[in-house]
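In case you want the letters, here they are:
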Amino acid sequence: MEKNHKVDVHLRGYQGLDWSGTFYISLDMDEYEMVVMETTDVKGEKKQMALGVHTTVGGSRDVFLYAPYWLVNKTALPVEFRGAGSSTVYQGNTTNDPALFSFHRHRRKKSWTMLLCHSARKRETHNVMGSLACACVEKAEKRIRPAKMRMFRSKWSSAIPLDTVGHAGVVTCRDKDSGKVYQVWLEIHLSKLKLTKMVTLLPFFMVVNKTTAEVTFTEEGQEDEYWTVIQPEEVLPLWPHSGVLNLVVRQPGVENKGAEIPVLSQYFPIHKSHTTVLRMWNGTALTVNVAGGTESPTTITFTPFQPGDAPVRVVNCCHNAFIRFHQKGMSQVIVLTPNQSVLYTWDDPTEERTLWWNLYKRDKPSFPARINQDNAGIETVILPGTETAHGSKKNGPGRSKQKRTNIHWVSYLDGLQRVLFFTEDASLAQDVREASGEKTSLEAFLSLEGLGVSLVSSLYTEIAYLSITSTPPLWEVNSKGDSWKMLKLEVATFLEDQFRHGHHEAVMSDKVKADFKTMRMVRPTAGDLRRTYQPGLWFQYRSSDHHTGMHAKLQRLQLDNQLQKAVFPTVLYPAPLPRKVLKKMGPRPFIELALMRRQVPEQHSDTIKYCKLLLQQFSVRVDKGFLLTVADFFTTHMEDEEESAKLQSDYGKINLTLRDTVAALATSGTDKIYLEYFHFSPVKIFISFSLSGEPHLTHEQKDTITKDVVDFFLGTVGTTLTSLKDVEMKLAYFERRGVMLTQTQLIQDLQSHYTAQAIQQSYVLLLGLDVIGNPYGLVTKIGKGLGDLFYEPYQGAIEGPEQFAEGVARGVQSLLGHAVGGTAGALAGITGSVGKAFSLLSMDEDYSTRRRQRMQQQPTDMPSSLLLAGQSFIMGIVMGISGVVLQPVKGAQQEGVEGFFKGIGKGLLGLFSRPVAGVFDMVSMSFDAVRRSAEVGNIVVHRQRVPRFINPETGLTPYSAYQAVGNTLLLNIERGKYAETDMYVAHAAVNTEQDEQMLLITDQRILLVDKCYWFSGWDIEWVVPLDHIVGVPTSADGKLSFQHKEEEETPNLFTAIDKEVAVKDEQVLKWLYSHLEQVLDDVRGT
């Protein structure tokens, strides 16, 4: 394709008009362009709209023509859209066809769409204008483009951002003439083709009639003016006229003097979710369910009354007591005579829904009725008695004799119906309470010390390792008889070692002495001894005919990134518990779940009596390489849907009627679950993120629209985020008590709750950027230090004078540690970000990788940290100077003369950038060392195990720690130079004292490497290809010997060089010899 090719686009029949436009296909066309479509309406006025053109280049050049936005109007009212500040108005169709929308030019500025509208006459001079158009498009894409809308004859709404995919909310349009307020639910979804944003408009309030008869309703205050009739199975939009947001239902009543008097129900609210039974004529009832309003539109569903819809059935089985009850704040009272029951619904559904009960004519305060969950209690009251004939000295003649009695009440579920039961008979109350009790028919118990799951790609690369492990046993001593004190780590480790080896007594000279038989300790502290151990996974399950109960504890969960060059080797792990929590409650499981469920299928009853999930604080540390690798692993096993099928799926969604759209929102109530107590604990997450990391993809990614969107996000928004480090995010708890929901509603409530919490906490992501020093983390740490300064002495004062002194010391240490550490951490983040920028400026991937690996190291003490910082500075200077010579040579080897001159440029650029990056890295690492030394309780988390080695010839085998270490050694030599061509076979330390020298055997060569302490890693002392070895190797006198010829370019091929490797351990020597002999046989084919 050497020249531009003109493409004419015709769109026929859209809005009853024919549209036409033109764009050009060329080799230098932009990936995203626009084509302006024009037409003339019946009035002779010209109209324009813009369509998008997306181009991908693979085996061929694919061109996609799309609309930037689909406006799907399901409100049944005329809707108009325009860009904020634009005069071009788009009409939203009231039919199922979407309106095609795009942003047009601003009146005060030249439009980027105008710059993209190239005519046929000017296409040949497109070079200059094309670059200008591209720049304008990029600028337009980066800014947020708001729009405005109006309903019918209303005013324009406030600005609405349409680029936020997944956004949903309410748009308000006000009609000042009629005073009407239109509330529209707007949802923005990305189409399956990932190019078009689908903007769906729904009424915020929708009424659904699931009964078999028509229902007439209106708003409070509109009874004399306007009533709406909804037919069975019909769905109608509701546009409230006032802000009261209460509805009332009308039903034909009785005739009085030839006129029919209608019956009105109670008013019920529509601004919050609830289920209410409305009292209708002649003992009938109508159930109304209001759902949504947060993550979906509000649906008001009328359904026939079903058992379980009423809030409570009150049963009075007392012999003499008359029970009266009423809604809180209401004057209307219901009295139950003995042996009478009644289904109760709220007198005023718009008020607080709390029920109170008392005895008839009793002047004392009433009692709250606990009808949200199973419960029971006793209230002692005084009942009026019968009048005595002769009286008594105490009561006198003619007075009523009063007696005390106990009123037993029980709250329980009968199917789906809540029952409040009253009786004076204690045994009857006990029988009612135990009526739902059943004997266990099945019980299962599982306890595992640990469990590991490895994720391996089809390229035999371990991607991730998920492990469940137990916590170290806790050893405590009780010397005072009322408090247990944890032993020091050294003493606890020694006791655990002796205990696991089956010893009855642990003695360490005159320092430690303990008897495991009697669990008594003599030294260093005399007292009772206690060992607490929690397995990694503990699970208990019980079931009966109608009840299911389970209790699970997961002690520690850790997810490791097993990829080479991982920025964060550990992705997920529990954060350490605060010292005060650990001291008070001991080690806590990472996840603990308790569930009690009751199911009675024959009564359509499903009740979660108790569900509680506790989740301890944890850290999430993710890099870009790991995310892309995991995504590639799962997408490989998923079938990619044809793009034509995706388009049909999107079009099928917009063809749904309003009734079909709300079908999933309007629930019938047959699958509801009653939640007596449902609780998810608050969550605290420490988030770290990096755009570095090398992905390991199993196949070459195709240029798909989805990939383009991901690359665009990571290349624009992701670059803006730079990196995050230990940003603290807090999510509040989720709880539901005494409510009846469907599974879909419960999931929606969970999603809306945590989505809202995440949005509220999103500011910490911005304030936690390293480039600005993570000010949120600084303030948080100083606040924690101040808290510990007051809390630790107070906690110690409760226990005693000695503990008070220790608390003062810990409080001061925490304050100074967090203040100094937080400040040093902020400075380390800023200087580290600058150093990273200069390292990227060097344009040397090898240098950036080595720098990142060095920055990830966390020495355990201050001297080692400062030494590492100095090494970073010297490495920057050395590599900057050496790059001037090495970069041109490397470029010439790869790209010839052109690469040579490129190498000169890279070398000169690195001569400046690398030393500067080394200076900032030195400062950053020094401040980071101060932070880790100052902060109290800082821990370093490592991988549970070294990444697995998988031999492609043998496939997946049980994990070998030895092979994993050897393969990691091969990957780290010369930055993985030999890992691309060689496969690991064996290795051994030839200096057995400090493992400073290693002999490594691969299927291609044998290497002797030395530990490099200055720049870390390993230096090659010598390397010999296996096909250069001549003769047979020998092992004798503690040496492994063989001969090899010189390099192939050496003219004298008959000269052999002797190589000897000293191996002190005789068994290691024999082992190495056998492997070398075997691999030589494979190379020689013998």
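Owing to the predicted nature of the structure, the values given are computational and were not obtained by experimental measurement.

Visitor: Give a detailed account of the overall build of the protein chain, specifying residues and quantitative values.
Guide: Assigned secondary structure in the protein chain consists of 18 helices and 60 strands. When each of the 1086 residues of the protein chain is scored for burial, the buried share is 42%. Expressed as a percentage of contacts within the protein chain between residues at least 6 apart in sequence, the contacts between residues at least 24 apart total 58%. Total accessible area on the protein chain is roughly 57700 Å²; 55% of this is exposed by carbon and sulfur atoms.

Visitor: Pulling in residues and values, what's your account of the pairing of strand β25 (residues 312–316)?
Guide: Among the five residues of β25, four are classified as buried, and the element is accordingly described as predominantly covered. In terms of strand pairing, β25 meets strand β28 (residues 340–344) through five bridges, oriented antiparallel. Note that in β28 the partner of Arg313 across the bridge is Leu343. Alignment of β25 against strand β33 (residues 417–423), held across four bridges, turns out to be parallel. Bridged to Asn316 within β33 is Phe422.

Visitor: Outline the pattern of salt bridges, supporting the account with residue identities and numerical values.
Guide: All told, the structure shown has 26 salt bridges when counted by the stated rule. For Glu352, the salt bridge identified is with Lys328, shortest N-O distance 3.6 Å. Here Glu352 is found in the loop between β28 and β29 (355–359), whereas its partner Lys328 is found in the loop between β26 (323–327) and β27 (334–336), with 24 residues between them in sequence. According to the relative accessible area criterion, Glu352 is partly exposed, its value standing at 43%. The structure contains a network of salt bridges with shared partners spanning Asp374, Arg418, Lys609 and Glu676.

Visitor: Describe the sheet that holds strand β34 (residues 442–448), with residues and values.
Guide: Pairing is mixed in the open sheet, where seven strands are placed in the order β34-β43-β44-β47-β48-β50-β53. Two strands bound the open sheet, and with one partner strand each, they are β34 and β53 (734–742). Strand-to-strand, the axes of this sheet are offset by a mean angle of 5 degrees, without reference to chain direction. When β34 meets strand β43 (residues 537–543), the two strands line up antiparallel, connected through seven bridges. Across the sheet, the residue bridging to Glu443 is Arg542, located in β43.

Visitor: Would you mind going over helix α18 (residues 1066–1084) in detail, with residue names and values included?
Guide: In this model α18 runs 27 Å from its N-terminal to its C-terminal C-alpha over 19 residues, within 8% of the 27 Å that 1.5 Å per residue would give. What α18 keeps buried is the set Leu1069, Leu1072, Tyr1073, His1075, Leu1076, Val1079 and Leu1080. The inward-facing, buried residues of α18 contact β54 (984–989), β55 (997–1002), β56 (1005–1011), β58 (1029–1036) and β59 (1039–1045). Remark: Gly1085 follows α18 within two positions and exhibits a positive phi of approximately 75 degrees.

Visitor: Got a sec to walk through unusual backbone geometry? Specific residues and values, please.
Guide: Cis geometry marks the peptide bond from Arg523 to Pro524; its omega dihedral reads 0 degrees. Within the element layout of this structure, Pro524 appears in the loop between β41 (520–523) and β42 (527–532). The phi angle at Asp1037 is positive, at roughly 55 degrees, despite the residue not being glycine. By the secondary structure assignment, Asp1037 is in the loop between β58 and β59. With relative accessibility at 77%, the residue Asp1037 sits in the exposed group.

Visitor: Which residues make up the sheet that holds β58, and what are the values?
Guide: Strand order in the open sheet made by the three strands is β58-β59-β60, with antiparallel pairing throughout. At either margin of the open sheet sits one strand with a lone partner, and together these are β58 and β60 (1056–1062). The mean angle between the axes of side-by-side strands here comes to 15 degrees, regardless of whether they run parallel or antiparallel. Relative to β60, β59 runs antiparallel, the two sharing seven bridges. The residue bridging Lys1039 from the neighbouring strand is Ala1062, located in β60. Relative to β58, α18 is tilted by about 165 degrees, and along the sheet it contacts β58 and β59.

Visitor: Talk me through the packing of aromatic side chains; I want residue IDs and the actual numbers.
Guide: For the coordinates displayed, the defined rule picks out 26 aromatic pairs. Ring geometry for Phe680 against Phe734: centres 6.4 Å apart, planes inclined by 55 degrees, an arrangement best described as tilted. Taken together, the residues span a long stretch of sequence, with Phe680 in strand β50 (residues 672–680) and Phe734 in strand β53 at a distance of 54 residues. Phe734 shares its class with Phe680; the two are buried. Clustering of aromatic rings is evident, with ring pairs tying together Tyr69, Phe81 and Phe101. Taking NZ or CZ as reference, Arg530 lies 4.1 Å from the ring centre of Trp484, over its face. A cation over an aromatic ring shows up here: Lys553 above the ring of Trp538, its NZ or CZ 5.7 Å from the ring centre.

Visitor: Explain a nonpolar patch on the surface to me, and be specific about the residues and the numbers.
Guide: Nonpolar side chains collect at one region of the surface, where Ile877, Ile881, Val884, Val885, Leu886, Val889, Val897, Phe900, Phe901, Ile904, Leu908 and Leu911 lie side by side and expose about 1100 Å² of accessible area between them. Note that Ile881 resides in helix α16 (residues 862–934).

Visitor: Can you explain the environment of Pro473? Please cite residues and give values.
Guide: By the element assignment, Pro473 lies in the loop between β36 (462–469) and β37 (474–478). Since its relative accessible area comes to 17%, Pro473 is described here as buried. With 20 residues separating them along the chain, Pro473 and Thr493 place their C-alpha atoms 9.1 Å apart.

Visitor: Which residues make up the pairing of strand β49 (residues 618–623), and what values do they have?
Guide: Of all the six residues making up β49, five are buried; the element is thus mostly covered by neighbouring parts of the structure. Here β49 pairs with strand β51 (residues 683–690) via six bridges, running parallel. Bridged to Ser619 within β51 is Phe686.

Visitor: Tell me about a negative patch on the surface, residues and numbers included.
Guide: Judged by side-chain charge, Glu953, Glu1077, Asp1081 and Asp1082 come together as a negatively charged surface patch. With respect to the element layout, Asp1081 can be found in helix α18.

Visitor: Go over the nonpolar core with me, naming the residues and quoting the values.
Guide: Most often, soluble globular proteins have nonpolar side chains that are buried together. Membership of the largest hydrophobic core comes to 41 residues, with the highest contact counts inside it found for Phe81, Phe101, Met149, Met151 and Leu162. Core analysis: the next-biggest nonpolar cluster, separate from the first, contains 27 residues, Phe205, Val215, Phe217 and Leu658 among them.

Visitor: Talk me through the environment of Thr275; I want residue IDs and the actual numbers.
Guide: Position of Thr275 relative to the elements: it lies in strand β22 (residues 274–279). Taking the C-alpha atoms as reference points, Thr275 and Ile300, 25 residues apart in sequence, are found 9.8 Å from one another. Those residues within four positions of Thr275 in sequence are excluded, and the remaining contacts are Thr287, Val288, Asn289, Arg353 and Lys672. Of note is the side chain of Thr275, whose polar atom sits 2.8 Å from the side chain of Asn289.

Rules behind the numbers
- Residues numbered from 1 in each chain as written.
- Predicted model: local features only at pLDDT ≥ 70, side-chain atom pairs only at ≥ 80, totals over all residues.
- Heavy atoms only, no water.
- Helix = DSSP H or I, 4+ residues; strand = E, 2+ residues; numbered from the N terminus.
- Buried < 20%, exposed > 50% of the residue type's maximum accessible area, 1.4 Å probe, protein only.
- Contact = heavy atoms within 4.5 Å.
- Areas by Shrake-Rupley, 256 points an atom, 1.4 Å probe, with all protein chains shown as cover.
- Pairing = 2+ DSSP bridges.
- Salt bridge = Lys/Arg side-chain N within 4 Å of Asp/Glu carboxyl O.
- Axes fitted to C-alpha atoms, helices over the stretch in contact; angles between N-to-C directions.
- Expected span 1.5 Å × (residues − 1).
- Phe/Tyr/Trp six-rings, centres within 6.5 Å; stacked < 30°, edge-to-face > 60°.
- Lys NZ or Arg CZ within 6 Å of the ring centre and 35° of its normal.
- Patch = residues over 30% accessible without salt bridge, like charges linked within 9 Å, V, L, I, M, F, W, Y side chains within 5 Å.
- Lys, Arg positive; Asp, Glu negative; His and termini not counted.
- Charge placed at Lys NZ, Arg CZ, Asp CG, Glu CD.
- Core = buried A, V, L, I, M, F, W, Y, C linked by side-chain atoms within 4.5 Å.
- Polar contact = N/O pair within 3.5 Å; in protein donor to acceptor, adjacent residues only side chain to side chain.

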